[in-house]
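Read off the chains here:
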Amino acid sequence: MASRAAAKQTGGVFRMLQKWYYERAGFNQIGLLRDDTLRETDDVKEAVKRLPEDVYNARAFRIKRALDLDMKKQILPKDQWTKFEEDVRYLQPYLDEVWKEKKEKQEWDSRY
């Protein structure tokens, strides 16, 4: 019973740290989501290619707006900042798919 309470408390502390770091990172102040800031590796590039058109266009808009704001040394009004609770890992399912296919290809190549 005590271990469950400790686990809940630890989870709450971890969540608070995640939120604190998210707000300090600054990308939310220029309207970016966490997945918009991923380093563009070959896997990320492939995952971005697989995005539905509306999601791809929304990503392109956020990145262009962020570049414009950065160039002007401005940030969005606080009511337009991306909130921690609203940040969605939209690229993760596509990355998982790319990694799975890459792993399958390596296994196939190693067999034959």
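Within every chain, residues take consecutive numbers counted from 1 along the sequence as written. In keeping with the predicted nature of the model, local features appear solely for residues at pLDDT of at least 70, side-chain atom pairs appear and are counted solely at 80 or more, and the whole-chain, interface and lining totals rest on all residues. In computing side-chain properties, one takes all heavy atoms of the structure into account and sets aside hydrogens as well as water.

In the annotation of an unreviewed UniProt entry, the entry for the chain reads Cytochrome b-c1 complex subunit 7, and the organism field reads Branchiostoma belcheri. UniProt positions are given in the numbering used here, feature names are shortened, and annotations may be inferred rather than shown by experiment. Per UniProt, the chain carries the Function (unreviewed entry) text "Component of the ubiquinol-cytochrome c oxidoreductase, a multisubunit transmembrane complex that is part of the mitochondrial electron transport chain which drives oxidative phosphorylation."

Trainee: Teacher, can you tell me more about the environment of Trp-81 here?
Mentor: Helix and strand labels come from DSSP, where a helix needs a run of H or I of at least four residues and a strand needs a run of E of at least two; each type is numbered from the N terminus. Among the structural elements, Trp-81 can be located in the loop between α3 (53-71) and α4 (92-111). Throughout, exposure labels follow a simple rule: accessible area from a 1.4 Å probe, protein chains only, divided by the maximum for the residue type, with under 20% read as buried, over 50% as exposed, and the rest as partly exposed. Trp-81 gets classed as buried once you look at its relative accessible area, which sits at 18%. Trp-81 sits 43 residues away from Leu-38 along the chain, and the two C-alpha atoms are 18 Å apart. Contact partners of Trp-81, with chain neighbours within four places excluded, come to Asn-28, Gln-29, Ile-75 and Leu-76. Any two residues whose heavy atoms approach within 4.5 Å at even a single point are treated as in contact.

Trainee: Is there a simple way to think about the packing of aromatic side chains in this case?
Mentor: Two measures describe an aromatic ring pair: the distance that separates the ring centres and the angle between the ring planes. Aromatic rings from Phe, Tyr and Trp, taking only the six-membered ring of Trp, are treated as a pair when their centres fall within 6.5 Å; an angle between ring planes under 30 degrees marks them as stacked, one over 60 as edge-to-face, and anything in between as tilted. This structure, assessed with the given rule, holds two aromatic pairs. Plain terms: the ring middles of Tyr-22 and Phe-27 are 5.1 Å apart, the flat faces sit at 85 degrees to each other, and that makes the pair edge-to-face. Phe-27 matches Tyr-22 in its accessibility class, with the two residues each being buried. Considering the side-chain rings of Tyr-22 and Phe-84, the 5.4 Å spacing of their centres and the 70 degrees angle between planes classify their relative orientation as edge-to-face. Residue Tyr-22 is located in helix α1 (residues 2-25), and its partner Phe-84 is located in the loop between α3 and α4; the two are separated by 62 residues in the primary sequence. Classification of Tyr-22 as buried rests on a relative accessible area of 3%. Pairwise contacts between aromatic rings join Tyr-22, Phe-27 and Phe-84 into one cluster.

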